[in-house]
Amino acid sequence: MIDTDKAAAALIGARQGNRILDSFPGGSFPADIDEAYAVLDSIAAKMTTPVVGWKAALTNDEVMKKMNATAPACGPLFEPYVANSPMRVSLAAESARGLECEFAFRMAKTLAPRAEPYTDAEVAAAVATMHPAMEVVDVRVKDGFAHGARGIIGDFCANAALALGPGIADWQGIDLASSQVELRVNGEFAVTGIGSAVLGNPRNSLTWVANFLSGRGIALAAGHVVTTGSTMGIFNAPAGSTAIADFGTMGQVTITFA
């Protein structure tokens, strides 16, 4: 059993100081996913900046298998690390700078915890706007990704930053499952993503997050953002690069790495 509070404090310090730790603090990497969430809960309790949303991760079967997980993962997003595009991100030189093109949603209504699962229709009706988005994923501990889901969930669920594109209020008529996005880095094509890579449809991921939080007694609050998972895996960008996620008529999202 690791010291979750010690681990949380060290991981917060590493994130705020743009440092990569040689080993997981508190004794070792979490032994399992439950212990990883215990570290993440301690991080959320110790952070002095507010939670402004939530991220889904591991949102397709191939990634779950690779990361030795049987379900997606979810973690909080904190205020200093969420911004509108264009966004400038500064990370440690040895960081992975992983890019994920995603669909995000800003909530208009709070979905309070309850015994009955929320339906897709109920969750969609509680949304204010849908946003094209780009997440930067990274870990604060060297080789964290190699330890699978238990290695990243306790480490801010691998979130480093989230950039949001323009909000779209009339989004429910958009076929998100077939919507494609093209990622370009320094003006050169990198990879194409598609919405169906996200649990079949990003709406499914949004509903999963709402019910995951409800099951843990946490409200999905009005104003919070939910980003639903990668449409294209992870693309590692070089230091000093500029990345543009092009969602076609839905807009673009730009991140520049210091």
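Everything quoted here is computed from the prediction, not taken from an experiment. (Residues numbered from 1 in each chain as written. Predicted model: local features only at pLDDT ≥ 70, side-chain atom pairs only at ≥ 80, totals over all residues. Heavy atoms only, no water.)

Q: Sorry, what's going on with the overall build of the protein here?
A: Helix and strand counts for the protein come out as six helices and 13 strands. In terms of overall dimensions, the protein is globule-like: its C-alpha atoms have a radius of gyration of 17 Å, near the 18 Å expected for 258 residues. Dimensions of the protein along its principal axes, counting C-alpha atoms only, are 50 × 50 × 35 Å. With 258 residues in all, the protein has 53% of them scored as buried. Carbon and sulfur atoms make up 51% of the accessible area of the protein, which totals about 10500 Å². Seen as two clouds, the 18 positive and the 25 negative side-chain charges of the protein have centres 4 Å apart. (Helix = DSSP H or I, 4+ residues; strand = E, 2+ residues; numbered from the N terminus. Rg over C-alpha atoms; globule rule 2.2 N^0.38 Å. Buried < 20%, exposed > 50% of the residue type's maximum accessible area, 1.4 Å probe, protein only. Areas by Shrake-Rupley, 256 points an atom, 1.4 Å probe, with all protein chains shown as cover. Lys, Arg positive; Asp, Glu negative; His and termini not counted. Charge placed at Lys NZ, Arg CZ, Asp CG, Glu CD.)

Q: Explain the layout of surface pockets here, please?
A: The volume enclosed by the largest pocket comes to roughly 490 Å³. In terms of lining, the largest pocket is formed by 23 residues, of which the most central are V63, M67, E100, G233 and I234. Put simply, the parts of the chain that give the lining of the largest pocket at least two residues each are β1 (51-57), α3 (61-66) and β5 (98-107). Looking at the lining of the largest pocket residue by residue, the classes come out as 12 nonpolar, seven polar and four charged. The space that makes up the second largest pocket amounts to roughly 220 Å³. Going through the elements one at a time, α1 (4-16), β4 (87-89) and β7 (159-164) are the ones with two or more residues in the lining of the second largest pocket. Grouping the amino acids of the lining of the second largest pocket by side-chain chemistry returns 11 nonpolar, four polar and five charged. (1 Å grid on protein atoms, 1.4 Å probe; cavity = no way out; pocket = protein on both sides within 12 Å on 5 of 7 lines; lining within 4 Å. Points joined across faces, edges and corners; volume = space filled by probe spheres on them. Nonpolar A, V, L, I, M, F, W, Y, C, P; charged D, E, K, R; others polar.)

Q: Looking at this structure, how should I read the side chain of E135?
A: The residue E135 is located in strand β6 (residues 127-137) in this model. Here K55 takes part through its side chain, which lies 2.9 Å from a polar atom of the side chain of E135. (Polar contact = N/O pair within 3.5 Å; in protein donor to acceptor, adjacent residues only side chain to side chain.)

Q: What am I meant to see in the packing of aromatic side chains here?
A: Under the definition given, this model contains six aromatic pairs. Their ring planes at 80° and their centres at 6.1 Å tell us that F78 and F156 sit as a pair that is edge-to-face. Of the two residues, F78 sits in strand β2 (residues 73-78) while F156 sits in the loop between α5 (149-153) and β7, which places them 78 residues apart along the sequence. As far as the burial class goes, F78 and F156 line up, both buried. Both rings, one in W208 and one in F212, keep their centres 5.0 Å apart while their planes meet at 25°; by these two values the pair is stacked. Remark: F212 and W208 occur in helix α6 (residues 202-215); sequence separation between them is four residues, near one turn of the helix. An aromatic cluster is built from Y37, W208 and F212, whose rings are joined through pairwise contacts. If you follow R15 out to its NZ or CZ, it ends over the ring of Y81, 3.7 Å from the centre. (Phe/Tyr/Trp six-rings, centres within 6.5 Å; stacked < 30°, edge-to-face > 60°. Lys NZ or Arg CZ within 6 Å of the ring centre and 35° of its normal.)

Q: Teacher, can you tell me more about the sheet that holds strand β9 (residues 188-194) here?
A: Strand pairing in a sheet relies on backbone hydrogen bonds, with the paired strands running either antiparallel or parallel. If you trace the five strands from one edge of the open sheet to the other, you get β4-β13-β12-β8-β9, paired in mixed fashion. If you trace the sheet from one side to the other, it starts and ends with β4 and β9, each paired once. Going across the sheet, the axis of each strand differs from the next one's by a mean of 20°, ignoring polarity. Bridge count between strand β8 (residues 180-185) and β9: six bridges; the pairing is antiparallel. In the sheet register, L183 faces β9, and the bridge partner there is V191. (Pairing = 2+ DSSP bridges. Axes fitted to C-alpha atoms, helices over the stretch in contact; angles between N-to-C directions.)

Q: Which parts of the structure should I look at to understand the side chain of N201?
A: In this structure, N201 sits in the loop between β9 and α6. Relative accessible area serves as the criterion here: at 17%, N201 is assigned to the buried category. Beyond its immediate stretch of four places on either side in the chain, N201 contacts L176, A177, G195 and S196. (Contact = heavy atoms within 4.5 Å.)

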